[in-house]
Number of protein chains: 2
Amino acid sequence: MIPIDFTHAPDRESWVDSANQLETDFPIQNLPFAVFHTGDDDRRIGVGIGDQILDLKHCANHGLLAEEFVEPARQDVLNGLMGLGPSQRIELRQAISQLLHVSTEADRSTLEDGLHFQDAVEFSLPCQIHDYTDFYASIFHATNVGSMFRPNNPLLPNYKHIPIGYHGRASSIVVSGTDLVRPVGQKAPAEEGQGPTRSPAALLDYELEVGFYVAQGNRLGTTIPIDQAEQHLFGMCLVNDWSARDLQKWEYQPLGPFLAKSFATTVSPWVVTMEALAPFRVAEYQRPEGDPQPLDYLSSSENSSSGGVDIQLMVSLSSQQMRDRGLPAERLSQTRFTNMYWTIAQILTHHASNGCNLQPGDLMASGTVSGPNRNERGSMIELTWNGDASNPTPGTDRTPLILPTGEERKFLADGDELILHGFCKNEQYRRIGFGQCRGTVQPAI
Amino acid sequence: MIPIDFTHAPDRESWVDSANQLETDFPIQNLPFAVFHTGDDDRRIGVGIGDQILDLKHCANHGLLAEEFVEPARQDVLNGLMGLGPSQRIELRQAISQLLHVSTEADRSTLEDGLHFQDAVEFSLPCQIHDYTDFYASIFHATNVGSMFRPNNPLLPNYKHIPIGYHGRASSIVVSGTDLVRPVGQKAPAEEGQGPTRSPAALLDYELEVGFYVAQGNRLGTTIPIDQAEQHLFGMCLVNDWSARDLQKWEYQPLGPFLAKSFATTVSPWVVTMEALAPFRVAEYQRPEGDPQPLDYLSSSENSSSGGVDIQLMVSLSSQQMRDRGLPAERLSQTRFTNMYWTIAQILTHHASNGCNLQPGDLMASGTVSGPNRNERGSMIELTWNGDASNPTPGTDRTPLILPTGEERKFLADGDELILHGFCKNEQYRRIGFGQCRGTVQPAI
């Protein structure tokens, strides 16, 4: 695990005033990375600080970074920095923390020249995502969804032994703020003897997920032992795994979800480093009595008590009518990443356990993060129980969601904006935020 | 469809003598692309001609290509050439065909300086494969495999309506000649009440597939109409989709194959262009009476009679013992790509039908190519009927394969080399070969 050092001290302040406000996502203890541009400028790497972003290429060009960081900091994607070793990553964090520390007078005007208001820049994807893999690591989500389709057998026999995952589509990953077009696709025959139909997805859903980016990878044919997995994690982000449930139901047997997912996946622009998250590592999910222990290759000896990351997660929705009336987005659910059955280290180790090579910038997403309670469900299909008000189940509220405008929602409507937000906070350390992951549904074309 | 022009004329000869031999895979009518290097040289694009490869970067550097081709021809991957428009691709083919034509005297010595024997070079992956998707487009394969696991219901209801596919792992795609390490993974509990175990895959298999690379892509949120699909196909190759059946059986529910496939996928070095294949376009698979017609978006008005590609495909195996004794590889099966239920145009159009963006260099594979007869089965699990000699089915020979050394095979053994080969040949035109796609199984580590 990454040691807690001076960069995490809660009383540490920056000369960027907005970073010292208690409710900011980006105090000097965070220092997340993003890729941005202003107007017609080239894309460059930046570091979030308060309401501003520090241009790391500018810092590299003006001699403010050590030689070893100059080339990767001048790239237009984070892959170079992601490929650094663990000790270099700590060194870079400490150097940036010192540049932004309130006591730093030298080079202040050069640094100020490299600052931009976050509101005034455009964000891009933070790195070249060579491969994207989506998991299914919340047992609450897996059980909820399984209950709807297999009431007597919600959880399949492999679930507690394998971090279930599938390869996703990398090309259609977009950065927060990108609109998504409602997909059109095949749907199951309405009645026996009829054929399938094709029309815009009616059951368009979101999935609240947390993603992580791979740091250094492994060569094809080699594995990453669980006790080394943490060294291969670069940082985390928010992911909205948009899903067309009606397309998914018809297409997914026997090879898994395909076009029901590949029309768009939205990630937050900020990558919160594992270094920044060090004070928020907590015990991993405690398996209930009677659950099997993971096989040896997924059992960490060293870090087993701190495989979790305590991220608080929120989903809000804003309909076109709500925005037209000036109403704020409506909170749909709130949960914690500590509810996950599998840790991010187990997910990474499992992925490479067959010799599959991982590369810096690969994205792995957790799968929908749902908790045990109703208000902790991370997708619309769980919140509205498949939109099925006519088929009540004891203990489950299956009525549609009602928005402040009186609009009903079983699934997403055109014009709906979905907003994911996440942050870490405990009594001892400063709040470490992830910013937002937003996307608005546009009509099918 | 691409017109047949002077480059396809069967009596056209090259000044590279080996290209004029009848049995070569690479006559002047083929001109496939590859990426190669010699010794410590940089990687560069080459064109296959007889037993040689013509260095396209060398040609670009010496003024032998039109200005529009110079930059993409000097890249170390084919993506730039793949992104050219359809008429440019024909123009480039015609120009290369002229450079290599027997009548060409000008620049002959410059051209000769750019020739290398194929035996003397190393091949790399031909392009950066951003995303890889594997399909399941042979109804004979789907029925064979389905019969083993669901005897009463081998084909799922969606099969005849949707080209079923799943996202694959791009990072572990390797070029022919790369050894693959037998993967280790979880296997289902041997008996009820026991837990799963983890060990080297015992049921390691190959899958004979044909792949195609995307030419120009589409923007996210747009589709590719079926009548434009052919313009987005760049060329074809051979693919071995190595599969660990025991890992697959335990992991694949509910999200599809994952680690059972992602340890390695082998592609042939040569990309045979759609231009070269023009004389071998044939009627697509004729659906039996009673089968549903595809939905409109998958029904081509213009090209419906020539959606197929008549590629003859062969699989051979050479065990370590066979090589030690100097025995040639043993033919396991032989089939034709005309057996596919879905065409490559339907596959591409379906992939983009939800607005998913395709990019030049994306690889789509057909899924195992099996035909209706026993000797046309494209995987070991089909040839040996899941290695299950104890459970014979009328009309099916379930005994293990016997190699010329007397060795038995139900699945692949360490040291086994698998060799895929393919070519097009008809009475009117020269043989257009794909070369080979080879890989040898190394023991698990």
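Keep in mind that what you see is a predicted model, and the values were worked out from it rather than measured. (Residues numbered from 1 in each chain as written. Chains lettered and ligands numbered in written order. Predicted model: local features only at pLDDT ≥ 70, side-chain atom pairs only at ≥ 80, totals over all residues. Heavy atoms only, no water.)

J.: Looking at this model, I keep getting lost on the overall build of chain A. Mind explaining?
T.: Along the backbone of chain A there are ten helices and 26 strands. Relative to the compact-globule value of 22 Å for 445 residues, chain A shows a C-alpha radius of gyration of 22 Å, a close match. Overall, the C-alpha framework of chain A stretches about 75 × 55 × 40 Å when taken along its three principal axes. Sorting the 445 residues of chain A into buried and exposed places 63% on the buried side. Put simply, 74% of the contacts in chain A that link residues at least 6 apart link residues at least 24 apart. (Helix = DSSP H or I, 4+ residues; strand = E, 2+ residues; numbered from the N terminus. Rg over C-alpha atoms; globule rule 2.2 N^0.38 Å. Buried < 20%, exposed > 50% of the residue type's maximum accessible area, 1.4 Å probe, protein only. Contact = heavy atoms within 4.5 Å.)

J.: Would you mind going over helix H6 (residues 139–149) of chain B with me for this structure?
T.: One turn of an α-helix holds 3.6 residues; hence residues three or four places apart share an orientation. Along H6(B), eight of the eleven residues are buried, which leaves the element largely enclosed by surrounding structure. Lining the buried residues of H6(B) we find helix H10 (380–383) of chain B.

J.: Could you clarify how one ought to interpret the interface of chain B and chain A in this entry?
T.: A common way to state how big an interface is: give the accessible area lost once the parts meet. Listed as interface residues are 56 residues of chain B and, on the opposing side, 56 residues of chain A. Taken over both partners, the interface formed by chain B and chain A buries close to 5300 Å², and the fraction arising from carbon and sulfur atoms is 61%. Counting across the chain B and chain A interface gives four salt bridges. When the shortest N-O distance is used, the salt bridge between B:Arg169 and A:Asp131 registers 3.5 Å. Where chain B packs against chain A, one counts 27 residue pairs in polar contact (both at pLDDT 80 or more). Looking at the side of chain B that touches chain A, the elements with two or more residues in it are strand S6 (132–135), strand S7 (165–167), strand S10 (184–187), strand S11 (197–200), helix H7 (245–251) and helix H9 (344–352) of chain B. Top contributing element to the side of chain B that touches chain A by residue count: S7(B), with three residues. Looking at the side of chain B that touches chain A residue by residue, the classes come out as 28 nonpolar, 23 polar and five charged. (Buried area = accessible area lost by both parts, 1.4 Å probe. Salt bridge = Lys/Arg side-chain N within 4 Å of Asp/Glu carboxyl O. Polar contact = N/O pair within 3.5 Å; in protein donor to acceptor, adjacent residues only side chain to side chain. Nonpolar A, V, L, I, M, F, W, Y, C, P; charged D, E, K, R; others polar.)

J.: Can you help me understand the sheet that holds strand S5 (residues 122–124) of chain A in this one?
T.: Strand pairing in a sheet relies on backbone hydrogen bonds, with the paired strands running either antiparallel or parallel. All names here are of chain A. Pairing within the open sheet is antiparallel, and its five strands lie in the order S4-S3-S2-S1-S5. Across the chains shown, the open sheet's two edge strands, defined by having one partner strand only, are strand S4 (115–117) and S5. With direction set aside, neighbouring strand axes in the sheet form an average angle of 45°. With three bridges connecting them, strand S3 (residues 52–55) and S4 associate as antiparallel partners. Looking at the pairing, Ile53 lines up with His116 of S4. (Pairing = 2+ DSSP bridges. Axes fitted to C-alpha atoms, helices over the stretch in contact; angles between N-to-C directions.)

J.: Sorry if this is basic, but what is going on with the pattern of salt bridges here?
T.: Residues and elements named next belong to chain A. Under the definition given, this model contains 39 salt bridges over all chains. A salt bridge links Asp414 to Arg182, with the shortest nitrogen-to-oxygen separation between them at 2.7 Å. Taken together, the positions of Asp414 in the loop between strand S24 (408–409) and strand S25 (417–424) and Arg182 in the loop between strand S9 (180–181) and strand S10 (184–187) put the pair 232 residues apart, joining distant regions of the chain. Given the relative accessible area of 36%, Asp414 is considered partly exposed.

J.: Sorry if this is basic, but what is going on with the relation of the copies chain B and chain A here?
T.: The relation between the two copies of this chain is a rotation about an axis and a shift parallel to it. Superposing chain B onto chain A requires a rotation of 180° together with a translation of 0.0 Å along the rotation axis, leaving an RMSD of 0.0 Å. Taken together, the rotation and translation describe the operation of a two-fold axis. Relative to the rotation axis, the C-alpha of B:Gly256 is the closest in chain B, positioned 2.1 Å from it. When you check the interface residues of chain B against chain A, 100% turn up at the interface there too, and the contact is symmetric in its surfaces. (Least-squares fit on C-alpha atoms with pLDDT ≥ 70 in both.)

J.: What is the right way to read the sheet that holds S25(A) from this model?
T.: Strand order in the open sheet formed by five strands is S9-S26-S25-S20-S21 (chain A), and the pairing between neighbours is mixed. Lying at the two open borders of the sheet, with one neighbouring strand each, are S9 and strand S21 (330–336) of chain A.

J.: Even after reading the chapter, I still don't get the domain arrangement of chain A, so can you show me in this structure?
T.: All names here are of chain A. Taken domain by domain, chain A comprises domain 1 (6–124) and domain 2 (132–442). Computed over C-alpha atoms only, the centres of domain 1 and domain 2 are separated by 29 Å. In total, domain 1 and domain 2 occlude about 2600 Å² of area from one another, counting both sides; carbon and sulfur atoms represent 60% of this. The largest contributions to the domain 1 side of the interface with domain 2 come from Asp25, Met82 and Arg89, which together make up 26% of the buried area. At the junction of domain 1 and domain 2, the tally comes to three salt bridges. Glu275 serves as the salt-bridge partner of Arg89, at 3.4 Å between the closest nitrogen and oxygen. Put simply, domain 1 and domain 2 have 15 residue pairs in polar contact (both at pLDDT 80 or more) between them. Of all elements in the fold, only strand S1 (33–37), strand S2 (44–49), helix H3 (79–82), helix H4 (86–99) and S5 reach the threshold of two or more residues within the side of domain 1 that touches domain 2. Residues that form the side of domain 1 that touches domain 2 fall into these classes: 17 nonpolar, twelve polar and four charged. (Domains from an automatic or database assignment.)

J.: I would appreciate a short explanation of the packing of aromatic side chains in the present structure.
T.: For any pair of aromatic rings, geometry is given as the distance between the ring centres together with the angle between the planes. If you walk through the whole model with that rule in mind, you get 18 aromatic pairs over all chains. Through successive ring pairs, a cluster of aromatic residues spans A:Tyr136, A:Phe140, A:Tyr159, A:Tyr285, A:Tyr341 and A:Trp342. Its end group placed over the ring of B:Tyr297, A:Arg198 keeps NZ or CZ at 4.1 Å from the ring centre. Against the face of B:Trp342 rests B:Arg287, its NZ or CZ located 4.6 Å from the ring centre. (Phe/Tyr/Trp six-rings, centres within 6.5 Å; stacked < 30°, edge-to-face > 60°. Lys NZ or Arg CZ within 6 Å of the ring centre and 35° of its normal.)

J.: I would appreciate a short explanation of helix H6 (residues 139–149) of chain A in the present structure.
T.: For H6(A), the full list of buried residues reads A:Ile139, A:Phe140, A:His141, A:Ala142, A:Asn144, A:Val145, A:Gly146 and A:Met148. In this structure, the buried side of H6(A) is in contact with helix H10 (380–383) of chain A.

J.: Is there a simple way to explain the side chain of B:Ser262 in this structure?
T.: Assignment of secondary structure puts B:Ser262 in the loop between H7 and strand S16 (265–267). The exposure class of B:Ser262 is buried, given its relative accessible area of 1%. When sequence neighbours within four positions are dropped, the list of residues in contact with B:Ser262 reads A:His167, A:Asn354, A:Cys356, B:Arg169 and B:Ser172.

J.: Which parts of the structure should I look at to understand unusual backbone geometry?
T.: Excluding glycine, most residues fall at negative phi; most peptide bonds, likewise, are trans. Residue and element names in this part refer to chain A. Cis geometry marks the peptide bond from Gln253 to Pro254, where omega comes out at 5°. Topologically, Pro254 is positioned in the loop between helix H7 (245–251) and strand S16 (265–267). The residue Leu31 is not glycine, and still its phi comes out positive at about 60°. Relative to the helices and strands, Leu31 is located in the segment before S1. Exposure remark for Leu31: the relative accessible area of 4% places this residue in the buried category.

J.: What should I look at first to understand the layout of surface pockets in this one?
T.: Gaps left between atoms are located by rolling a probe of water-molecule size over the structure's atoms. For the largest pocket, the calculated volume is near 670 Å³. Put simply, the parts of the chain that give the lining of the largest pocket at least two residues each are strand S1 (33–37), strand S5 (122–124) and strand S8 (173–175) of chain B. Take the lining of the largest pocket: its biggest share by element is three residues, from S5(B). In the lining of the largest pocket, the residues fall into 14 nonpolar, eleven polar and five charged. A volume near 560 Å³ is recorded for the second largest pocket. Lining the second largest pocket are 30 residues, with A:Val145, A:Phe149, A:Arg245, A:Gln248 and A:Tyr252 positioned closest to its centre. Contributions of two or more residues to the lining of the second largest pocket are made by strand S6 (132–135), H6 and H7 of chain A. (1 Å grid on protein atoms, 1.4 Å probe; cavity = no way out; pocket = protein on both sides within 12 Å on 5 of 7 lines; lining within 4 Å. Points joined across faces, edges and corners; volume = space filled by probe spheres on them.)

J.: Before we go on, may I ask you to explain the confidence of the model for chain A in this structure?
T.: Note that predicted coordinates carrying low pLDDT should not be read in detail. With 97% of its residues at a pLDDT of at least 70, chain A reaches an overall mean of 95. In the predicted complex, the global pTM is 0.97; the interface-specific ipTM is 0.96. (pLDDT = per-residue confidence, 0-100.)

J.: What exactly am I supposed to notice about the side chain of A:Ser366 here?
T.: Among the structural elements, A:Ser366 can be located in the loop between strand S22 (363–365) and H10. Residues within four places of A:Ser366 in sequence aside, it is in contact with A:Asp134, A:Phe135, A:Tyr136, A:Ala137, A:Glu209, A:Val210, A:Phe337 and A:Met340.

J.: What is the right way to look at the state of the cysteines in this model?
T.: By definition, a disulfide is the covalent link that joins the sulfur atoms of two cysteine residues. Residue and element names in this part refer to chain A. Counted according to the given criterion, the structure contains zero disulfides over all chains. Not engaged in a disulfide, the cysteine Cys237 finds its nearest cysteine sulfur in Cys437; these two sulfurs lie 7.8 Å apart. A residue is classified by how much of its surface remains accessible, and Cys237, at 0% relative accessible area, is buried. (Disulfide = S-S within 2.5 Å.)

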